[in-house]
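One letter stands for each residue in the lines below.
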Amino acid sequence: FAWEKIKDYEEIKFEYYNGIGKITINRPHKRNAFTPLTVIEMIDAMTHSRYDDRIGVIILTGEGPDAFCSGGDQSVRGHGGYVGKDGVARLNVLDLQKLIRSIPKPVIAMVAGYAIGGGHVLHVVCDLSIAAENARFGQTGPKVGSFDGGFGASYLARIVGQKKAREIWFLCDQYNAQEALDMGLVNKVVPLEKLEETTVEWCEKILEKSPIALRMLKASFNAELDGQAGIQELAGNATLLYYLSDEAKEGKQAFLEKRKPDFSKYPKFP
Ligand code: 2NE
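Conventions used here
Residues numbered from 1 in each chain as written. Predicted model: local features only at pLDDT ≥ 70, side-chain atom pairs only at ≥ 80, totals over all residues. Heavy atoms only, no water. Near = heavy atom within 4 Å. Polar contact = N/O pair within 3.5 Å; in protein donor to acceptor, adjacent residues only side chain to side chain. Buried < 20%, exposed > 50% of the residue type's maximum accessible area, 1.4 Å probe, protein only. Helix = DSSP H or I, 4+ residues; strand = E, 2+ residues; numbered from the N terminus. Pairing = 2+ DSSP bridges. Salt bridge = Lys/Arg side-chain N within 4 Å of Asp/Glu carboxyl O. Contact = heavy atoms within 4.5 Å. Axes fitted to C-alpha atoms, helices over the stretch in contact; angles between N-to-C directions. Parallel < 35°, antiparallel > 145°, perpendicular 65-115°, else oblique. Left-handed = near helix turned anticlockwise from the far one by under 90°. Nonpolar A, V, L, I, M, F, W, Y, C, P; charged D, E, K, R; others polar.

**Focus on the site of the ligand**
Around the ligand there are 22 residues in total, and Ser-70, Gly-72, Gly-118, Thr-140 and Ser-146 lie nearest to it. His-29 is positioned with one of its backbone polar atoms (N or O) 3.3 Å from an oxygen atom of the ligand. Between an oxygen atom of the ligand and a main-chain N or O atom of Gly-72, the distance comes to 2.8 Å.

Right, here's the structure in full:
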């Protein structure tokens, strides 16, 4: 595919092709473990994807065949979080997780090799996951003195069920692509050499669909789980649709013209 670079970064790649934005963690020497900078760059690219009207679907992936992402880079883990070049310790991947869920466009994890630890949680929070046959999934938190009790626990349990989610976290075993498919953790498994082709095909099918319907569906799936934040997202979309109506425009226009609004001609639907 003729991917065009959108912007230069140090630790990720960000490319465009035919309605698709592709964000690639580019630290293959560390199995694509993320540092605070990797996450800052992913948040920037994800935010760009949100505002870029050409982009309808986002692929999140890792460079090379060996890893999607192996979680937080343990060599920069310090006192209270992952330490950036500014010396500040933080866990900013949680902000990225929230962004992946709230961006009103489908995000697809394209997984080759390891999706482990915080890297596993990243694919979990994506809307869809397509795995290569060499993919391996798992959490390592309790082995390395960490855990993700947010989406990494509760949303995982919604996907695979409570017993399986507890097994995944308590045993820290790894699961192959077929096992992941069997537990509903991924949508499809394909040979490694077909991974990008299949993911782009799925993106193209999605891109043929109504953007507002997709946006409403994503917010609806989130609303059921995300409490007030989920309702806020869904309600924001309702406001968007209302703003598109003549009825809402009459309210704004009347204010600007310093007159009483006339809503009498708008229907009171049963
Ligand atoms: C991913 C895995 C299973 C791959 O194993 P293998 O045998 O294919 O590769 P290897 O040799 O372990 O890794 C290659 C190089 O990448 C580094 C390794 O240290 C190694 O470096 P060199 O020896 O060549 O110098 N590397 C891999 N993962 C790394 C990481 N996460 N941080 C720093 N360096 C890493 C195997 O590498 C593995 O098990 N990796 C560790 C997975 C892990 O425990 N991740 C952190 C979980 S905690 C977390 O992510 C987290 C959270 O729990 C809550 C919130 C946010 C984050």
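**A look at the pairing of strand S11 (residues 128–132)**
Counted residue by residue, S11 has 5 buried out of 5 residues, so it is predominantly covered. One ladder, built from 3 bridges, connects S11 with strand S14 (residues 188–190); its direction is parallel. Bridged to Ala-131 within S14 is Val-189.

**Some details on the pattern of salt bridges**
A full pass over the atoms with the stated rule returns 18 salt bridges. A salt bridge links Asp-44 to Lys-7; the nearest nitrogen and oxygen atoms lie 2.6 Å apart. With Asp-44 in helix H1 (residues 36–51) and Lys-7 in strand S1 (residues 4–7), this residue pair connects regions lying 37 residues apart in the sequence. A residue is classified by how much of its surface remains accessible, and Asp-44, at 31% relative accessible area, is partly exposed. Lys-7 gets classed as partly exposed once you look at its relative accessible area, which sits at 38%.

**Some words on the sheet that holds strand S6 (residues 77–78)**
Reading across from one edge, S6-S7-S8 is the order of the 3 strands in this open sheet, with antiparallel pairing throughout. The sheet is open, and its two borders are formed by S6 and strand S8 (89–90), each paired with just one other strand. In the sheet, S6 pairs with strand S7 (residues 81–83) via 2 bridges, with the strands oriented antiparallel. The partner of Gly-78 across the bridge, within S7, is Gly-81.

**Some points on the environment of Phe-34**
Examined against the element boundaries, Phe-34 turns out to sit in the loop between strand S3 (20–25) and H1. Remark: the alpha-carbon pair of Phe-34 and Gln-74, spanning 40 residues in sequence, is separated by 9.0 Å. In contact with Phe-34, other than residues within four places in its own chain, are Arg-27, Val-39, Cys-69, Gly-71, Gly-72, Asp-73, Val-93, Gly-118, Gly-119 and Leu-122.

**Here's the deal with the packing of helix H3 (residues 118–125) against helix H5 (residues 151–160)**
The geometry of H3 relative to H5 is characterised by a closest axis approach of 10 Å and an angle of 50° between their N-to-C directions. When the axes of H3 and H5 are compared, the pair comes out oblique. Seen from above, H3 lies across H5 with left-handed handedness. For the pair H3 and H5, the contacting residues are His-120, Val-121, Val-124 and Val-125 in the first and Phe-151, Gly-152, Tyr-155, Leu-156 and Ile-159 in the second. Class assignment for the residues of the contact of H3 with H5 results in 7 nonpolar, 2 polar and no charged.

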